[in-house]
Amino acid sequence: MSKIKISLLIVISISIFLISLYLGPNVINPFHINDIEKEILLSIRLPRVIVAALMGMALGASGAVLQAILRNPLADPYILGISSGAAVSAAFGILSGSYFFGKFGVPLTAFAGASIASVVVGAFGWKQGRMLPERLLLAGVGLSFLFYAVLMLLISMSSSEGIRRAVLWIFGDLSIADWSLIPYGVVFIIAGLCISLFRAKALNALMLGDDLAHSLGFSVQKERLLLFISVSLMTSASVSLGGTIGFIGLLIPHIVRFVTGADSRILIPVSAVCGGAFLCISDLIGRSIVSPMEIPSGIITAIIGSPYFLYLLRKKDVLGT
Amino acid sequence: MYSEHNPPILELDSLGFRYFKDKPFINELSFFVGNGELIGLLGANGSGKSTILKLASGILRPAEGQIKLWGKPLHLYKNKDRAKLLCYLPQLLDINLPFKVRELVSMGLYPYDIPPEIRVDEALEMVGLLDKSESNITNLSGGERRRAFIAMTLIQGAGLLLLDEPLANLDIKYQLEIQRLLRELREKKNISIIMALHDINFALHFDKVMLLKEGRILGIGKPEAVLTNDLLKEALDVNLEIKREDSGGTFINYGNNF
């Protein structure tokens, strides 16, 4: 039964990906495409949908990994302060207007900020040769507050027109997506996904507790570090592609767990596929309903996701307790 | 007792361990575990029962001395190879695990690249949980949960089980049930078991008992030799009397302690 459900989820996700290519402010008929529509499809829609799918995949998979390594159902890729680190550095770049790398400026500064934040959080979570989940979590929460304070300070002190752009980016701005960003996003996200998939058995064992994971033949600290690196890679790449989009990392793994169960070997790939589809559909809604204006995808994911999550929480036992 | 043909499975030789730099917790601790032996670790809280089990399983590294598993230093084993020979179950098992019984038990196969011909159903049947294989771990009773983890260790195929208080927080029915199951495993599969426990009545029926105080061994040997009134007084700091009846039964007399 669950195999049928999983197959159905994957088919629906791929359908959403295809539908969001053809729907939008202008509906394109896939059977009658003229040159202008072809240009829109290949230069604007396709890279945007690919970026949305990549970001959603990264966030869905990272959420599933983090909830397991931190042994906390409320963990998501942003709880570790990686996104707020990216937000500070990207906002600094946007607001100061000082870009050396052209259109790569925002993604590069965001990626640098996310990577630095990952290293700092990892260093705080590390004690006596061990990476401790509780320390990691608390360090992430503490650093997030610090980064957000700096972000607010930057925004409040700025009078430039960049404020709107910075705020849009913070809520997830997929309008900047183009082909040039995709290759490096693919590399980091696929690398992170591969690490987490290859270490999925270790992740299951870590959920039983460190001592049992050791007894099952895993090197607890090495596995946790590898999985942390996979999450950092995926989250940093996702944030730098299109800003901080919340809720996917928290919500998608919980919803998917209903269908697949908690085995990370299935949960991670299905969360990735569903995360990608969820962001595609959120982006489609965001760019269609108030066209020609756009609503940042991060706002749509939260508006759709929160009520559904609360409904599930009421109806079913989401947290597995 | 141990010979070339019957070597000890596990040897702990002059172990030293400290949690804090200037305060040794375990000093010069040595003992052996033979094939198919059932050994009980008894002692007051903080006497070192859990620490010894964690040292023996490789979770903690000793500051001094050496641990050998089948004659080879424990730290030289690859993690997966060690897991096929030795299995540790902690005292506190997470009750909020999101797995089904079958999923949990199957994790016992993780150390194997090519899983051996052990069927999960067989292990579940052995611990009496076949009818609950699709239940969530959260929905099991304390005794059933413990049995599910024991089934996982069976699948793991290790010949040595290190169990930290497997009877703790269980009703007497489940304590007897787990104890019966462990004895059955030992007989059917010749598994050696070392377990920390608090109940002296249970320890009286073990092959060997180790009585601990403040990280050192007060006595080790057959229960009737070790569980004497004097040693128990020294280990537990309370006056207890072991009563042995003519019928062969033994029980603890708590005397005026109530």
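These numbers were taken from a predicted model, which means no experiment stands behind them.

Rules used in this analysis
- Just so you know, the residues in each chain are numbered from 1, in the order the chain's sequence is written.
- Here the convention is simple: chains get letters from A, ligands get numbers from 1, in the order in which they are written.
- Owing to the predicted nature of the model, reporting of local features is limited to residues with pLDDT of at least 70; listing and counting of side-chain atom pairs is limited to 80 or more, with chain, interface and lining totals taken over all residues.
- Hydrogen atoms and water are omitted, and side-chain values are computed over all heavy atoms in the structure.
- The way it works is that DSSP assigns letters per residue, a run of H or I at least four long becomes a helix, a run of E at least two long becomes a strand, and they are numbered from the N terminus.
- Values of the radius of gyration come from C-alpha atoms, whereas the globule rule sets the reference at 2.2 Å times the count of residues to the power 0.38.
- Relative accessibility decides the category of a residue: with a 1.4 Å probe and only protein chains considered, values under 20% of the type maximum give buried, values over 50% give exposed, and everything between is partly exposed.
- All accessible areas in this document rest on Shrake-Rupley with a 1.4 Å probe, and a residue is counted as covered only by the protein chains that are shown.
- For the purpose of charge, His is not counted, nor are the chain termini; Lys and Arg are scored as positive and Asp and Glu as negative.
- In plain terms, the charge of a residue is placed at NZ if it is Lys, CZ if Arg, CG if Asp and CD if Glu.
- Pairing between strands is defined by DSSP: at least two bridges between them are needed.
- The axes used here are C-alpha line fits, helices contributing only the stretch in contact, and every angle between their N-to-C directions lies in the interval 0 to 180 degrees.
- Between 65 and 115 degrees an angle is taken as roughly perpendicular, under 35 as roughly parallel, over 145 as roughly antiparallel, and anywhere else as oblique.
- The crossing is said to be left-handed when, going from far helix to near helix, the turn is anticlockwise and less than a right angle, and right-handed when the turn is clockwise.
- Whether two residues are in contact is decided by their heavy atoms, any of which lying within 4.5 Å being enough.
- Classification used: nonpolar for Ala, Val, Leu, Ile, Met, Phe, Trp, Tyr, Cys and Pro, charged for Asp, Glu, Lys and Arg, polar for all others including Gly.
- A side-chain nitrogen of Lys or Arg and a carboxyl oxygen of Asp or Glu constitute a salt bridge if their distance falls within 4 Å.

Chemist: Go over the overall build of chain A, please, and point to the residues and values.
Modeler: Helix and strand counts for chain A come out as 13 helices and 2 strands. For 321 residues, the compact-globule formula gives about 20 Å, and the C-alpha radius of gyration of chain A, at 19 Å, lands near that figure. In terms of its C-alpha atoms, chain A occupies a principal-axis envelope of roughly 60 × 55 × 35 Å. Taken over 321 residues, chain A has a buried fraction of 54%. Summed over all atoms, the accessible surface of chain A reaches about 13800 Å², with 72% contributed by carbon and sulfur. Of note, chain A has its 22 positive side-chain charges centred 8 Å away from the centre of its 15 negative side-chain charges.

Chemist: How would you summarise the pairing of strand β6 (residues 86-89) of chain B if you had to cite specific residues and measurements?
Modeler: All names here are of chain B. Along β6, one buried face is formed by Leu 86 and Tyr 88 and the opposite face, lined by Cys 87 and Leu 89, is buried too. Sheet topology note: the β6/strand β7 (residues 160-164) ladder contains 4 bridges and is parallel. Across the sheet, the residue bridging to Cys 87 is Leu 161, located in β7.

Chemist: Give me the lowdown on the packing of helix α5 (residues 142-156) of chain B against helix α6 (residues 172-189) of chain B, citing residues and values where you can.
Modeler: Residue and element names in this part refer to chain B. It is at 10 Å that the axes of α5 and α6 come closest, and there the two elements cross at 15°. As judged from the angle between their axes, α5 and α6 are roughly parallel. Handedness of the α5/α6 crossing: right-handed. Residue-level contacts link Gly 143, Arg 146, Arg 147, Ile 150 and Leu 154 of α5 to Tyr 174, Glu 177, Ile 178, Leu 181, Leu 182, Leu 185 and Lys 189 of α6. For the contact of α5 with α6, the residue count by class is 7 nonpolar, 1 polar and 4 charged.

Chemist: Give a description of the sheet that holds strand β1 (residues 10-20) of chain B that names residues and reports values.
Modeler: All names here are of chain B. Sheet architecture is open: 4 strands sit in the order β2-β1-β4-β5, paired in antiparallel fashion. Sheet topology places β2 (23-33) and β5 (72-73) at the edges, where each strand pairs with a single neighbour. Where strand β4 (residues 64-69) meets β5, 2 bridges bridge the pair, whose relative direction is antiparallel. Bridge assignment links Lys 68 to a residue of β5, and that residue is Pro 73.

Chemist: Can you break down the pattern of salt bridges residue by residue, with the values?
Modeler: A full pass over the atoms with the stated rule returns 16 salt bridges over all chains. A salt bridge links Asp 283 of chain A to Arg 287 of chain A; its shortest N-O distance comes to 3.3 Å. Residue Asp 283 of chain A and its partner Arg 287 of chain A are both found in helix α12 (residues 264-288); the two are separated by 4 residues, about one turn of the helix. Across the pair, Arg 287 of chain A and Asp 283 of chain A agree in class, each one buried. Ionic pairing is found between Glu 177 of chain B and Arg 147 of chain B, a salt bridge with its closest N-O pair at 2.7 Å. With Glu 177 of chain B in helix α6 and Arg 147 of chain B in helix α5, the pair connects residues that are 30 residues apart, well separated along the chain. Note on accessibility: Glu 177 of chain B and Arg 147 of chain B belong to one class, buried. A single network of salt bridges, built from pairs that share partners, joins Arg 48, Asp 283, Arg 287 and Glu 294 of chain A.

Chemist: Just give me the short version of the packing of helix α7 (residues 182-198) of chain A against helix α10 (residues 220-242) of chain A, but keep the residues and values in it.
Modeler: Residue and element names in this part refer to chain A. It is at 8 Å that the axes of α7 and α10 come closest, and there the two elements cross at 155°. With respect to each other, α7 and α10 are oriented roughly antiparallel. The crossing of α7 and α10 is left-handed. Between α7, through Tyr 184, Gly 185, Phe 188, Ile 189, Ala 191, Gly 192, Leu 193, Ile 195 and Ser 196, and α10, the contact on the second element is made entirely by Leu 226, Leu 227, Ser 230, Leu 233, Met 234, Ala 237, Ser 238, Ser 240 and Leu 241. The residue makeup of the contact of α7 with α10, split by class, is 12 nonpolar, 6 polar and no charged.

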